[in-house]
Amino acid sequence: MQLSKWKPFSNIESYLNFPVSGLFDEMSNGIGNEWRPAVDFIEKSDEFLIKAELPEVKKEDVKINIENNILSVQGERRYEEKDEKQHRLERFYGSFTRSFTLPDNVDTDQCKAEFKDGMLNIHLPKKAGSEKPTKSIEIN
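Remember, predicted model here, so these are calculated numbers, not experimental data.

Trainee: So, the overall build of the chain: which residues are in play, and what are the values?
Mentor: Counting secondary structure elements, the chain contains two helices and seven strands. Taken from the N to the C terminus, the helices and strands of the chain come in the order α-α-β-β-β-β-β-β-β. In the chain, the proportion of contacts linking residues at least 24 apart, taken out of those at least 6 apart, comes to 55%. Accessible surface, the chain: about 11700 Å² in total, of which carbon and sulfur atoms supply 48%.

Trainee: I'd like a rundown of the packing of aromatic side chains, residues and numbers included.
Mentor: Taken as a whole and judged by the stated rule, the model has four aromatic pairs. Ring geometry for Y79 versus Y93: centroids 5.1 Å apart, planes at 75°, classification edge-to-face. A residue pair is termed long-range when its members are at least 10 positions apart, and Y79 in the loop between β4 (70-77) and β5 (94-101) and Y93 in the loop between β4 and β5 qualify at 14 residues. Linked through ring pairs, F41, F48 and F100 together constitute an aromatic cluster. Across the ring face of Y93, the terminal group of R77 is positioned such that the distance to the ring centre comes to 5.5 Å. Looking at K126, its charged tip hangs above the ring of F48, at a distance of 5.1 Å from the centre.

Trainee: Pulling in residues and values, what's your account of the environment of P103?
Mentor: Tracing the backbone through its elements, the reader meets P103 in the loop between β5 and β6 (112-116). The class of P103 is partly exposed, set by a relative accessible area of 26%. Considered as a pair, P103 and N69 are 34 residues apart in the sequence and their alpha carbons are 7.7 Å apart. The residues contacting P103, other than those within four sequence positions of it, are F41, F48 and N69.

Trainee: Please set out the confidence of the model for the chain residue by residue, giving values where relevant.
Mentor: Scored by pLDDT, the chain comes out at a mean of 82, with 74% of its residues at no less than 70. The secondary structure element of the chain with the lowest average pLDDT is helix α2 (residues 21-28), at 45, and the one with the highest is strand β7 (residues 119-125), at 97.

Trainee: Explain the pairing of β4 to me, using residue names and the numbers behind them.
Mentor: Strand direction decides the pairing type here: strand β3 (residues 62-67) and β4, joined by six bridges, are antiparallel. Bridge pairing in β4 places V62 opposite G75. Joining the antiparallel neighbours β3 and β4 is a turn of two residues, in which N68 adopts a positive phi near 55°. Pairing geometry for β4 and β5, over eight bridges, is antiparallel. Among the inter-strand pairings, R77 is bridged to a residue of β5, identified as G94.

Trainee: Mind laying out the side chain of H123, listing which residues take part and the relevant values?
Mentor: With respect to the helices and strands, the residue H123 is situated in strand β7. Relative accessible area serves as the criterion here: at 17%, H123 is assigned to the buried category. Of the polar contacts made by the side chain of H123, one reaches the side chain of E47; its length is 3.2 Å. Residues contacting H123, with those up to four places away along its chain left out, are E47, F48, L49, C111, K112 and E114.

Trainee: Tell me about the nonpolar core, and name the residues and values.
Mentor: Ranked by internal contacts, the top residues of the largest apolar core, which has 16 residues, are L54, L71, V73, L120, I122 and L124. Put simply, the parts of the chain that give this core at least two residues each are β2 (47-53), β4, β5 and β7. Those residues in contact with L54 that lie beyond four places of it in its chain are W35, P37, V62, F96, F115, G118 and L120.

What counts as what
- Just so you know, the residues in each chain are numbered from 1, in the order the chain's sequence is written.
- Confidence filtering applies because this is a predicted model: local features only for residues at pLDDT of at least 70, side-chain atom pairs given and counted only at 80 or more, and all residues used for totals across whole chains, interfaces and linings.
- To obtain the side-chain values, all non-hydrogen atoms of the structure were used and water was disregarded.
- Numbering goes from the N terminus for both helices and strands, where a helix is a DSSP run of H or I of at least four residues and a strand is a run of E of at least two.
- Any pair of residues with heavy atoms lying within 4.5 Å of one another is described as a contacting pair.
- Residue exposure ignores everything except the shown protein chains as possible cover, and the areas themselves are Shrake-Rupley values with a 1.4 Å probe.
- Here a Phe, Tyr or Trp ring, Trp counted by its six-membered ring, pairs with any other such ring whose centre lies within 6.5 Å, and the pair is stacked when the planes are under 30 degrees apart, edge-to-face when over 60, and tilted otherwise.
- For a lysine, the NZ atom is tested; for an arginine, the CZ atom; a charge sits over a ring if that atom is within 6 Å of the ring centre and within 35 degrees of the ring normal.
- Think of it in three bands: with a 1.4 Å probe and only protein chains considered, a residue is buried below 20% of the maximum accessible area for its type, exposed above 50%, and partly exposed in between.
- Think of pLDDT as the predictor's per-residue confidence, scored from 0 to 100.
- A pair of strands is labelled paired if DSSP reports no fewer than 2 bridges between them.
- Think of a polar contact as two N or O atoms within 3.5 Å of one another; within protein, one of them needs to be a possible hydrogen donor and the other a possible acceptor, and neighboring residues in sequence only count if both atoms come from side chains.
- For our purposes a nonpolar core is just a set of buried Ala, Val, Leu, Ile, Met, Phe, Trp, Tyr and Cys residues, chained together by side-chain atoms within 4.5 Å.

Here you go:
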């Protein structure tokens, strides 16, 4: 009978040695891949504010919808072919979609959006009288 050395982490070693450089090269060009712009969702005393970073996206290429208490932001950053030699492209181009479930106290009839300097700001005012009182619960 032949004895073999037990290697409990041999599978992990094989995953660590897996060549992933090709995967990163495929992802790094970013052309045609879906991208997700960075978004902040902020609550203020009278409104919710969604701030989305959309550099080099035209206002005409952005659509905002609210349906069934879900806000959707859709758009596209277009890639323009240039005659110059490009050595590396790390930014993503193409279409994007971001969706957010809105709190019940948003007045969807009064929502506004503004787009300036690559920032999309969506103002979602709270309904009047929608503040719920804070209740303290005593611990026994």
